[in-house]
Amino acid sequence: MPVASPEQYAQMIDRAKERGFAYPAINVTSSQTINAALRGFAEAGSDGILQLSFGGAEYASGSTVKDRITGSVALAEFARTVAQNYPVTVGLHTDHAQQDKVEDWVKPLIALSRERVERGEDPLFNSHMWDGSAIEVPENLDIAAELLELTHAAKQILEIEVGAVGGEEDGVTGEINDKLYTTAADGLATVEKLGLGEKGRYMTALTFGNVHGSYKPGHVKLRPEILQEIQDEVGAKVGRERPFDLVFHGGSGSTAEEIAAAVSYGVIKMNIDTDTQYAFTRPVADHMFRDYDGVLKVDGEVGNKKAYDPRAWGKAAEAGMAQRIVEACQRLGSAGQSEG
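Remember, predicted model here, so these are calculated numbers, not experimental data. (Residues numbered from 1 in each chain as written. Predicted model: local features only at pLDDT ≥ 70, side-chain atom pairs only at ≥ 80, totals over all residues. Heavy atoms only, no water.)

Focus: the overall build of the protein chain
This is how the line gets drawn: Helix and strand definitions follow DSSP, with helices as H or I runs of at least four residues and strands as E runs of at least two, each counted in order from the N terminus. Both definitions apply: the radius of gyration is a C-alpha atom measure, and the globule rule equals 2.2 Å times residues to the power 0.38. Any residue under 20% of the maximum accessible area for its type is buried, any over 50% is exposed, and the rest in between are partly exposed; the area is computed with a 1.4 Å probe on protein chains only.
In terms of regular secondary structure, the protein chain is built from 13 helices and 11 strands. Computed over its C-alpha atoms, the radius of gyration of the protein chain comes to 20 Å, within 12% of the 20 Å expected for a compact globule of 340 residues. Projected onto its principal axes, the C-alpha coordinates of the protein chain cover approximately 75 × 50 × 40 Å. When burial is assessed residue by residue, the protein chain has 54% of its 340 residues classed as buried.

Quick look at unusual backbone geometry
In the Ramachandran plot, Lys 155 falls in the positive-phi region, its phi being about 60° despite a non-glycine side chain. Here Lys 155 is to be found in the loop between helix 6 (137-153) and strand 5 (157-162). When its relative accessible area of 46% is taken as the criterion, Lys 155 is described as partly exposed. Of note in this structure, Asp 299 is not a glycine but carries a positive phi near 50°. Within the fold, Asp 299 resides in the loop between helix 11 (292-295) and helix 12 (305-308). Taking relative accessible area as the criterion, Asp 299 reaches 74% and is therefore assigned exposed.

Some remarks on the pattern of salt bridges
This is how the line gets drawn: Put simply, a salt bridge is a Lys or Arg side-chain nitrogen that is within 4 Å of an Asp or Glu carboxyl oxygen.
Considering all chains together, one arrives at 25 salt bridges under this definition. Residue Glu 121 pairs with Arg 119 through a salt bridge whose shortest N-O separation is 3.2 Å. Residue classification places Glu 121 among the partly exposed residues on the basis of a relative accessible area of 33%. Salt-bridge contacts for Arg 290 lead to Asp 286; the nearest nitrogen and oxygen are separated by 3.4 Å. Here Arg 290 and its partner Asp 286 are both found in helix 10 (residues 274-290), four residues apart, which amounts to about one turn of the helix. Residue classification places Arg 290 among the exposed positions, given a relative accessible area of 52%. Asp 286 sits in the partly exposed class, given a relative accessible area of 34%. Overlapping salt bridges, with partners in common, bring together Asp 14, Lys 17, Arg 201 and Asp 245 in one network.

Quick look at a negative patch on the surface
The cut-off we apply is this: A patch is a set of surface residues, each over 30% in relative accessible area and not in a salt bridge, joined within 9 Å for like charges and within 5 Å for the nonpolar side chains Val, Leu, Ile, Met, Phe, Trp and Tyr. Accessibility throughout is a Shrake-Rupley quantity obtained with a 1.4 Å probe, and a residue counts as covered only by protein chains that appear here. Charged residues are defined narrowly, with Lys and Arg counted positive, Asp and Glu counted negative, and His plus the chain ends left uncounted. Each charge is placed at NZ for Lys, CZ for Arg, CG for Asp and CD for Glu.
Negative charge collects at one region of the surface, where Glu 229, Asp 232, Glu 233 and Glu 241 lie side by side. The residue Asp 232 is located in helix 8 (residues 225-238) in this model.

Considerations on the packing of aromatic side chains
Two aromatic rings, taken as a pair, are described by how far apart their centres are and by the angle between their planes. How we decide: Under the pairing criterion, centres of Phe, Tyr and Trp rings, with the six-membered ring standing for Trp, must be within 6.5 Å; the plane angle then separates stacked pairs below 30 degrees from edge-to-face pairs above 60, leaving the rest tilted.
All told, the structure shown has two aromatic pairs when counted by the stated rule. Consider the rings of Phe 21 and Tyr 23, whose centres lie 5.2 Å apart with planes at 80°: the pair is edge-to-face. Across the pair, exposure class does not vary: Phe 21 and Tyr 23 are buried alike. Aromatic side chains Phe 54 and Trp 105 sit 5.6 Å apart centroid to centroid with 80° between the ring planes, which places their arrangement in the edge-to-face category.

Quick notes on the pairing of strand 8 (residues 202-206)
Condition: Here, strands pair whenever DSSP counts at least two bridges between them.
Of all five residues in strand 8, five are buried, a share of seventy percent or more. Direction of pairing for strand 5 relative to strand 8: parallel, over a ladder of five bridges. Along strand 8, the bridge assignment pairs Glu 161 with Ala 205.

Describing the nonpolar core
Quick reminder of the rule: By nonpolar core is meant a set of buried Ala, Val, Leu, Ile, Met, Phe, Trp, Tyr and Cys residues that side-chain atoms within 4.5 Å join together.
Membership of the largest hydrophobic core comes to 74 residues, with the highest contact counts inside it found for Phe 41, Leu 50, Trp 130 and Ile 160. Examining the composition of this core, we find that seven residues originate from one element, helix 13 (residues 310-332), more than from any other. In this structure, Ala 4, Ile 13, Phe 21 and Ile 49 belong to the second largest nonpolar core, which totals 14 residues.

What about the packing of helix 4 (residues 68-82) against helix 5 (residues 102-118)?
Selection rule: The axes used here are C-alpha line fits, helices contributing only the stretch in contact, and every angle between their N-to-C directions lies in the interval 0 to 180 degrees. Geometric relationships in this document are graded by angle, where less than 35 degrees denotes roughly parallel, more than 145 denotes roughly antiparallel, 65 to 115 denotes roughly perpendicular, and other angles denote oblique. Each crossing is labelled by how the near helix is turned from the far one, with a counterclockwise turn of less than a right angle marking it left-handed and a clockwise turn marking it right-handed. Contact definition: two residues touch when any of their heavy atoms are within 4.5 Å. Lys, Arg, Asp and Glu make up the charged group, whereas Ala, Val, Leu, Ile, Met, Phe, Trp, Tyr, Cys and Pro make up the nonpolar group; the residues left over, Gly among them, are polar.
Contact pair helix 4 / helix 5: the axes reach a minimum separation of 10 Å and the direction vectors enclose 45°. As judged from the angle between their axes, helix 4 and helix 5 are oblique. When you trace helix 4 past helix 5, the crossing you get is right-handed. For the pair helix 4 and helix 5, contact is made by Arg 68, Ile 69, Ser 72, Val 73, Glu 77 and Arg 80 and by Asp 104, Trp 105, Pro 108, Leu 109, Leu 112 and Arg 116, respectively. A per-class count over the contact of helix 4 with helix 5 returns six nonpolar, one polar and five charged.

The analysis is restricted to geometry; functional conclusions fall outside its scope.
Printed below as a string of structure tokens:
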């Protein structure tokens, strides 16, 4: 079962936390990016997570169709089929779902998984993210509690975000201000509302200056020590060491030291999208510039079919993205940690 069962997914998270590493969670938008991600995980000897955003799901359904349910199901089923050929285990996850995407995207997908579970099958996705970063914490946690009940019944894990992430993703822009830093009070409110697993398992994105998008190192002011402070303060009050399974959002441009620090404080999942987008596209640009007279029918010539065959530049794109994922696995410590 290269796509994790609910039990295997929980074990993956436990193993990462116990051994002090994190899984790269790679955003995918097509069959080709799924293959690239699986190849990268396999070459690194790492388990990992494939995730899709609302926009990615719409794109996968057809750029003129834009059906987020169809796209989500199609990518999940494709991943389940092709993942069987790789010697690693992956989880399937849906990324940022803001308040306006809960009713017509996340809840229908949870319902599909609930139906599968009732038939004795695994859920379609292993986990879903609720992004309440744009609203106040009490309302955020009220919606999280409702979703946690639903995901728990479908044998899934919920991911929540407590705090805000700046920058832009899928057309949603977050301001860069003090709200980028979660407080210990926010962490304690989370535990008081959602429990410590008895109501269902959840992962938590506590923000420490995270910003979506592409930035040079040093531009984004990350303070990963905030994660340790929250883990310590909340852990002391609830009697559990490192109570949160943490997620790192907006990591593009982060230094190796910042990533290592975040992982040491309990991060078990790091979202990677911007960097792998570039790694996928860069070899394509190289191919087009280098073979322009083969890709294009210049001056009435016929071009070179081997140059403009989508498989020619597609293979290069896949290899480029896979190489970047290997690098991510190495930096997060998941390389060589797969148990198949």
